[in-house]
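Descriptive analysis of the structure
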Amino acid sequence: MSDKLSPFELRTWETLHTVTEQLKREVGRDLWADAELSDTEFTVLAHLRLSPDGVRPGACAQAIGWDSSRLSHQLRRLEKRGLVERRADPLDGRAAVLVMTDEGRGVYRKAIGPHLRAAQKWFAAALTPAQLEGLAEGLQALQAHIDTVSTTTQKERS
């Protein structure tokens, strides 16, 4: 495997990076304007809603693809706003789990509509069904590759 990107690969990589940042910014602006929730706060709440009994911080960070320090920063903000709280893990009292509060569930419900409208406006509306299918296939391939390389790299570091 070569460490060098072809000109096309480099342009595509740079475009992916730029477009991803622009999408996050625009969706985040819409989400804040409509629900006073940042994109990153929404991401955490969206994951926590899947686990009403709570989820350990490490598992949450891993599930959303963040490092623990980034999650920790967001949790402080969410806890300060009363949207998330830490509780003792019912299975292991020494550990903590993250739980969305009633207020957090209300804010999430208020945000889901604006988030989906922003996803339609900034993402889905730009692509034909064939382009969306190709993008989905490409993203699945990228995810599989990342998972494989990440696992191999972690084993090499151990």
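Up top is the structure these notes are about.
Quantities reported herein were computed from a predicted structural model and do not represent experimental measurements. Throughout, a residue's number is its position along its own chain's written sequence, starting from 1. Given that the model is predicted, a residue must reach a pLDDT of at least 70 before its local features are reported, and side-chain atom pairs must reach 80 or more before they are shown or counted; all residues, however, enter totals for whole chains, interfaces and linings. With hydrogens and water set aside, each side-chain value is computed from the structure's full complement of heavy atoms.

Further remarks concern the side chain of His115. Summarising the element assignment, His115 is placed in helix α5 (residues 102–122). Note on contacts: a residue pair is in contact if any heavy atoms of the two residues lie within 4.5 Å. Beyond its immediate stretch of four places on either side in the chain, His115 contacts Val27, Leu31, Asp39 and Phe42. Runs of H or I in DSSP of at least four residues are treated as helices and runs of E of at least two as strands, each being numbered from the N terminus.

A pair of Phe, Tyr and Trp rings is counted when the ring centres sit within 6.5 Å of each other, with Trp represented by its six-membered ring. The angle between the planes then sorts it: under 30 degrees is stacked, over 60 is edge-to-face, the rest tilted. Scanning the entire structure with this criterion turns up 1 aromatic pair. Centre to centre, the rings of Phe42 and Tyr108 are 5.3 Å apart; their planes meet at 20°, and the pair counts as stacked. With Phe42 in helix α2 (residues 39–48) and Tyr108 in helix α5, the pair connects residues that are 66 residues apart, well separated along the chain. Categorising residues by exposure relies on relative accessible area from a 1.4 Å probe, with only protein chains included: less than 20% of the type maximum marks a residue as buried, more than 50% marks it as exposed, and the intermediate range marks it as partly exposed. Using a relative accessible area of 5% as the deciding quantity, one classes Phe42 as buried.

This part takes up the pattern of salt bridges. One side-chain nitrogen of Lys or Arg within 4 Å of one carboxyl oxygen of Asp or Glu is enough to make a salt bridge. Using the criterion set out here, one finds 11 salt bridges in the structure. For Lys24, the salt bridge identified is with Asp39, shortest N-O distance 3.3 Å. Taken together, the residues Lys24 in helix α1 (residues 7–35) and Asp39 in helix α2 connect sequence positions 15 residues apart. Judged by relative accessible area, Lys24 falls into the partly exposed class, the value being 37%. Judged by relative accessible area, which is 16%, Asp39 ranks as buried. The closest approach of N and O atoms between Asp102 and Arg105, which form a salt bridge, is 2.4 Å.

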